[in-house]
Amino acid sequence: MSAIQEMEIAEIQELMLAYDIGSVLKVESLTQGYANENLKVTTSSGPVLFRICKQQPLPLLKYELRLMEALKNFKLKAAFPIADKCGGFIQSQGTNHVMLYEFKAGKEPQLTAAVAHQMGIAVGKLSQIPLTEGLQKKNAVHLDNCQQLITNFSKCKNSMPDVFDYFEEQTAYLIKNMSSDLPKGVVHGDLFPNNTIFEGEELIALIDFEEACSDHLLFDVGMTINGFCFVDNELNAKLLNAFLRGYQIQRQLTSEEWIALPQYMQWASHGMLSWHLSNDLINIPNEAQHDRVLELMQRTQWMRAHENEIQKMVN
């Protein structure tokens, strides 16, 4: 069921009265995701993004607002929330919350060296935001959660022995080998092409900060490499180096981070795999999710077997 079907046009128009952005002219459904649904609402003042938050509780939405304010102060390219007439940002609609954002026109990018370079610059700038008390938040993708997930394998409804054996062994490897004494800060946590808006090879905005949190900065580096430097599930050295050159313009990786980078690249893909298992592949068969899990397994296993080769790529 589309967002427009779930929420009647009249309800959308009523909610829009709280904002000083003109009358509603047109409503179009954009995306229906796991955590939210997005509409493009064209008003007499121009288009806005109408976001229906289906999962995030109010404290996490307030965290996101604090983060967006920090992004604005650092002049990061993003789509920012729009305040209502009273200066607030969150409206309620039944059991959901609703927020309005700037509408940024553009498309998902093609994977090119120029695009990877732009992403490196953006992630490097994000890495410089001070980690104040108000921006502290544990990453939902965490090795603790992987260990908890493993305890559920014996009682799950969708048994996948090969996946489970791999997952348990790789989790143990990462726990043993990943360095935890690395710089921390704010991370987006989910930087893939579908969470960016480009015009050609020019970055217009980073979007969808629902998974943003505080973590090792190398987590975002590893995740964005997974999003922008793999083509047909193979690591592309040209894209990898373009991304890292861009990142280094904004922030220099430490010697310890260079050493740990291959493990954090693995951790990012392994963390994505853990997300699919917990939402909720271990209990509900889903062919698309299962295919993605196998793809991530293959990718992570390749990176682990070629850690020395990856080190040579980045040095």
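Everything in this summary refers to the structure shown in the same document.

Parameters and conventions
- Residues numbered from 1 in each chain as written.
- Predicted model: local features only at pLDDT ≥ 70, side-chain atom pairs only at ≥ 80, totals over all residues.
- Heavy atoms only, no water.
- Core = buried A, V, L, I, M, F, W, Y, C linked by side-chain atoms within 4.5 Å.
- Buried < 20%, exposed > 50% of the residue type's maximum accessible area, 1.4 Å probe, protein only.
- Helix = DSSP H or I, 4+ residues; strand = E, 2+ residues; numbered from the N terminus.
- Contact = heavy atoms within 4.5 Å.
- Pairing = 2+ DSSP bridges.
- Axes fitted to C-alpha atoms, helices over the stretch in contact; angles between N-to-C directions.
- Parallel < 35°, antiparallel > 145°, perpendicular 65-115°, else oblique.
- Left-handed = near helix turned anticlockwise from the far one by under 90°.
- Nonpolar A, V, L, I, M, F, W, Y, C, P; charged D, E, K, R; others polar.

**Comments concerning the nonpolar core**
- Ranked by size, the top nonpolar core spans 78 residues in total, and within it L71, I225, L244 and L277 carry the most contacts.
- It is helix α9 (residues 255-281) that contributes the most residues to this core, eleven residues altogether.
- Once residues lying within four places of it in the same chain are set aside, the contact partners of I225 are F230, L235, L240, F243, L244, L261 and M265.
- Grouped together as the second largest cluster of nonpolar side chains are 15 residues, I21, V24, L39 and L100 included.

**Re the pairing of strand β2 (residues 36-43)**
- Most of β2 is tucked away: six of the eight residues are buried.
- Sheet topology places β2 next to strand β3 (residues 46-53); eight bridges connect them, and they run antiparallel. Counterpart to N38 in the pairing with β3 is R51.
- Counting the residues that bridge the hairpin from β2 to β3 gives two residues.

**Things to note about the packing of helix α5 (residues 143-152) against α9**
- Packing of α5 against α9 brings their axes to within 10 Å, and their N-to-C directions diverge by 45 degrees. On the basis of their axis angle, the class for α5 and α9 is oblique. As for the relative orientation of α5 and α9, their crossing is left-handed in sense. Seen from α5, the contacting residues are L143, C146 and L149; seen from α9, they are W267, H270, S274, L277 and S278.
- Residues belonging to the contact of α5 with α9 are distributed by class as follows: five nonpolar, three polar and no charged.

**Overview of the side chain of T224**
- Its place among the elements puts T224 in helix α7 (residues 217-228).
- Not counting chain neighbours up to four residues away, the residues in contact with T224 comprise M119, V123, L191, C229 and F243.

**Thoughts on the packing of helix α4 (residues 113-126) against helix α8 (residues 237-250)**
- With their axes 7 Å apart at the nearest point, α4 and α8 run at an angle of 35 degrees to one another. The handedness of the crossing between α4 and α8 comes out as right-handed. Here α4 contributes A113, A116, H117, M119, G120, I121, V123, G124 and K125 to the contact with α8, which in turn contributes K238, L239, A242, F243, R245, G246, Y247, I249 and Q250.
- Residues of the contact of α4 with α8, tallied by class, amount to ten nonpolar, five polar and three charged.

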